[in-house]
Amino acid sequence: MANKDSLNLNDKYTADKIQVLEGLEGVRKRPSMYIGDISSRGLHHLVYEVVDNSIDEVMVGECTNIDVIIHKNNSVSVEDNGRGIPVDVHPIHKKPALEIVMCTLHAGGKFDSGAYKISGGLHGVGVSVVNGLSTSLKGEVFRDGKIYTQSYEKGIPITELKITGKTKKKGTKITFLPDSSIFENIVFSFETLSHRLRELAFLNKGIKITILDERDGKIETFCYKGGIQEFVILLLKEKKALHKPIYFEKIREDTSLDVCLCYSDDYVTNILSYVNTINTEEGGTHLSGLKSALTRAINDYARRNKFVKENEQGLSGDDIREGLNAVISIKMKNPQFEGQTKTKLGNSEIKGLVDSLVYEELVSFFDENPSIARKIVEKGLLASKAREAARKAKELVRKKGDELGMLCGKLADCSSKNPEECELYIVEGDSAGGSAKQGRDRKFQAILPLKGKILNVEKARFEKMLHNEEIKALISSIGCGISQSDEDFDISKLRYHKIIIMTDADVDGSHIRTLLLTLFYRYLKILIVDGYVYIAKPPLYCLRKKNEEHYLYSEEEKDRLTSKMKPDFVLQRYKGLGEMNPEQLWKTTMDPDVRKMVRISIEDAYEAEKTFSLLMGEKVLPRKNFITQHAKEVKNLDV
């Protein structure tokens, strides 16, 4: 019941109780509503919002260069050579257009199809949100031979728009310093920004994007005249391609389609999809159209050329997509997004449009390149031979709750049936599993101990993976099936909204963690995208001095604390979770009030793909070179 001091039942609910937040006050009070969160991810999102305005100029053919600078004080400048934000006075609002764009939510040229037919940022909140969340922001516009400048603090103009010089340039430059009272920290990562800028350069053929870090002098320039063709070639860098990439671009009904695909000799499907340069991690109608066209075109070719007899069942979509590496990028008016993270395209008309265009192009390509078509069909036929075994294995992992215990006897489930509060700890071995089972909160924490190292799914076919007992137990415990294909996966059946990988802090533990992350990335990626997968961070040391215990989670923390201590202390290094008793495991690693965890996310699709292929794939030499190159960076190595 509410405290009487905090609730006066005699208070009347009248007009004076209604609070109106003027200007960008609402953005400052509820920043997560606009940028997702106030962590590092939200911080970097500010830069993406400003860059997206420049990309909009690229997509209408008005911009060829974008320059991003991280200054020494962690402010950032984004400059383009587009048309420049208008500076004339708005006929209704009687203010310069630049000021309206910078200070008003849902203000911009993207709502008028005459200004932008295609746009990445469609909600008109981008740069005004950046302004509202910045201690200071300066807008400079280069138009008509003049430099127009206006400055703002926390979203409020502190100067009038004025002419500050002459120039031969055109375009816009935005310089902003994030508000340190809002964000957890305001230190930008050069690598994080570089990943997104490179992706944008791939998706906008010929655009030149440069990022400079004045803090240490790092500089990168991204320009890909081949566009997504070069993207796919890089995706295949750690793999063996079966043929030259198949590429085509088409424009129909105000929608442009860019597709590049190539098969490799492995068993993994990797399709990256984009709409107006937004990574649609959950797919959508454009991806469905691509899959449908690919299945139809390859089956038609197989039947026409007698690879498959008339009375035989054709190749399934899973068969056809085995080993496929592809990028599909569409640019369209008015995309409608849906899904958990609003990154799934929902426009129903796009499926048929993409299906038709891709099918036409593939049929023509296969007829002109029969040797490539034959390789693709033969790869699909090999995959289909194992399909029946895979079907039987799938039936096992689709077991419902009543049969779960039969298949997964090792699972120590929690009593709660509410997925939102339930957690699944995936732990290494029976020893750690025993401590975790005893130390957990049985109401909401479930424990699944795995025996040894699971199969490396990067090197194994789908059906072999599904015959692996540890993987079957894991998938059955999670409950939503496998996202190998759309019909195999039902997110509504997910039994735990936190899936936590908890392994030892040694070489074997790191290997097991990597194997599990490979499984999630390849076959349960949506769980990562939607933020359900975590890595537990158990302590590395326990420092005991008299009756005090200090748990230390890094070498730096250990060195800092021990340097202050006199010699009368004991330092214990935890090499395994099993070395901790249940009480210690609870209060260091499992207690929600004090534990340290890392949520797994995919910030850069190319980097993720490259890393998993390199570390877990067939090629030995690239992996050896990687280990040699990064050996000196390794910390906490136990052998």
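The structure under discussion appears in the preceding block.
Below, the structure is looked at part by part. These numbers were taken from a predicted model, which means no experiment stands behind them.

Another aspect to go through is the nonpolar core. One finds V47, I66, V68, M102 and F176 to be the most contacted residues of the largest nonpolar core, which totals 61 residues. With nine residues, the top contributor of residues to this core is helix α3 (residues 40–59). Setting aside chain neighbours within four positions, we find V68 in contact with V47, V51, V76, S77, V78, L197, T210, I211 and L212. In terms of nonpolar packing, the next biggest core, distinct from the first, is built from 44 residues, F462, I471, I499 and I501 among them.

Let's shift gears to the pattern of salt bridges. Under the definition given, this model contains 25 salt bridges. One connected set of salt bridges, linked through shared partners, spans R544, E549 and K587.

Our next topic: the sheet that holds strand β19 (residues 498–502). As summarised here, the arrangement of the five strands in space is β18-β17-β19-β20-β24, forming an open sheet in which the pairing is mixed. With one partner strand each, in any of the chains shown, β18 (445–450) and β24 (597–599) form the two edges of the open sheet. Adjacent strand axes in the sheet meet at a mean angle of 25°, parallel and antiparallel pairs treated alike. As judged from the three bridges shared by β19 and strand β20 (residues 533–536), these two strands associate in the parallel manner. When the sheet's bridge partners are listed, I499 is paired in β20 with V533.

Let us now look at the sheet that holds strand β21 (residues 541–545). One open sheet holds the three strands; their spatial order is β22-β21-β23, and the pairing between them is antiparallel. Both edges of this open sheet fall to β22 (548–552) and β23 (570–573), since each of them pairs with a single strand only. Looking at each pair of strands side by side, their axes are set apart by 20° on average, direction ignored. Direction of pairing for β21 relative to β22: antiparallel, over a ladder of five bridges. From the neighbouring strand, Y541 faces β22, where its bridge partner is L552.

So, about the side chain of K558. Relative to the helices and strands, K558 is located in helix α19 (residues 555–562). In this structure the side chain of K558 is engaged in a polar contact, spanning 3.2 Å, whose partner is the side chain of D559. Other than its neighbours up to four places away in sequence, K558 contacts Y541, L552 and L571.

Turning to α19, a few remarks are in order. Those residues of α19 that sit buried are E555, K558 and T562. When α19 is viewed along its axis, its buried side chains cluster within an angular range of 60° and face the same direction.

Moving on, we get to unusual backbone geometry. Its identity is not glycine, yet D144 carries a phi of approximately 55°, on the positive side. Summarising the element assignment, D144 is placed in the loop between β3 (134–143) and β4 (146–153). Non-glycine residue K306 carries a positive phi angle of around 65°. Position of K306 among the secondary structure elements: in the loop between α8 (285–304) and α9 (317–321).

What follows is about the packing of α8 against helix α11 (residues 370–385). Where α8 contacts α11, the two axes come as close as 10 Å, and the packing angle between them is 105°. Classified by the interaxial angle, the pair formed by α8 and α11 is roughly perpendicular. Every residue of α11 that contacts α8 at I298, Y301 and A302 is listed here: P370, A373, R374, I376 and V377. Here the contact of α8 with α11 is built from residues that sort into seven nonpolar, no polar and one charged.

Glancing now at the packing of aromatic side chains. Enumeration according to the criterion identifies six aromatic pairs in this entry. Consider the rings of F231 and Y274, whose centres lie 6.3 Å apart with planes at 40°: the pair is tilted. Taken as a pair, F231 in helix α7 (residues 228–235) and Y274 in strand β12 (residues 270–275) lie far apart in primary sequence, 43 residues in all. The class of F231 is buried, set by a relative accessible area of 1%. The aromatic ring of F142 is capped on one face by K169, whose charged end is 4.3 Å from the ring centroid. Taking NZ or CZ as reference, R296 lies 4.0 Å from the ring centre of Y359, over its face.

It is worth spelling out helix α14 (residues 429–439) at this point. Where α14 is concerned, the buried positions are A432, G433, S435, A436 and G439. Along α14, the residues classed as buried sweep out an arc of 165° about the axis, all on the same side. More than 90 degrees from the buried face of α14, the exposed residues found are D430, S431 and Q438. At its buried positions, α14 is contacted by β17 (423–428), β18, β19 and α20 (582–590).

Further remarks concern the pairing of β12. Among the six residues in β12, six count as buried, and that is most of the element. Burial along β12 is two-sided: N270, L272 and Y274 and I271, S273 and V275, pointing in opposite directions, are all buried. Taken together, the six bridges between β12 and strand β14 (residues 324–331) define a ladder with parallel strand orientation. Bridge pairing in β14 links I271 to A326. Examined bridge by bridge, β12 and strand β13 (residues 278–279) share two bridges and lie antiparallel to one another. Residue pairing across strands places Y274 opposite N279, the latter belonging to β13. Connecting β12 to the antiparallel partner β13 that follows it, the hairpin turn spans two residues, and N276 within it adopts a positive phi of roughly 50°.

What counts and what doesn't
Residues numbered from 1 in each chain as written. Predicted model: local features only at pLDDT ≥ 70, side-chain atom pairs only at ≥ 80, totals over all residues. Heavy atoms only, no water. Core = buried A, V, L, I, M, F, W, Y, C linked by side-chain atoms within 4.5 Å. Buried < 20%, exposed > 50% of the residue type's maximum accessible area, 1.4 Å probe, protein only. Helix = DSSP H or I, 4+ residues; strand = E, 2+ residues; numbered from the N terminus. Contact = heavy atoms within 4.5 Å. Salt bridge = Lys/Arg side-chain N within 4 Å of Asp/Glu carboxyl O. Pairing = 2+ DSSP bridges. Axes fitted to C-alpha atoms, helices over the stretch in contact; angles between N-to-C directions. Polar contact = N/O pair within 3.5 Å; in protein donor to acceptor, adjacent residues only side chain to side chain. Arc of directions from axis to C-beta. Parallel < 35°, antiparallel > 145°, perpendicular 65-115°, else oblique. Nonpolar A, V, L, I, M, F, W, Y, C, P; charged D, E, K, R; others polar. Phe/Tyr/Trp six-rings, centres within 6.5 Å; stacked < 30°, edge-to-face > 60°. Lys NZ or Arg CZ within 6 Å of the ring centre and 35° of its normal.

All quantities given are derived from atomic positions and should not be read as evidence of function.
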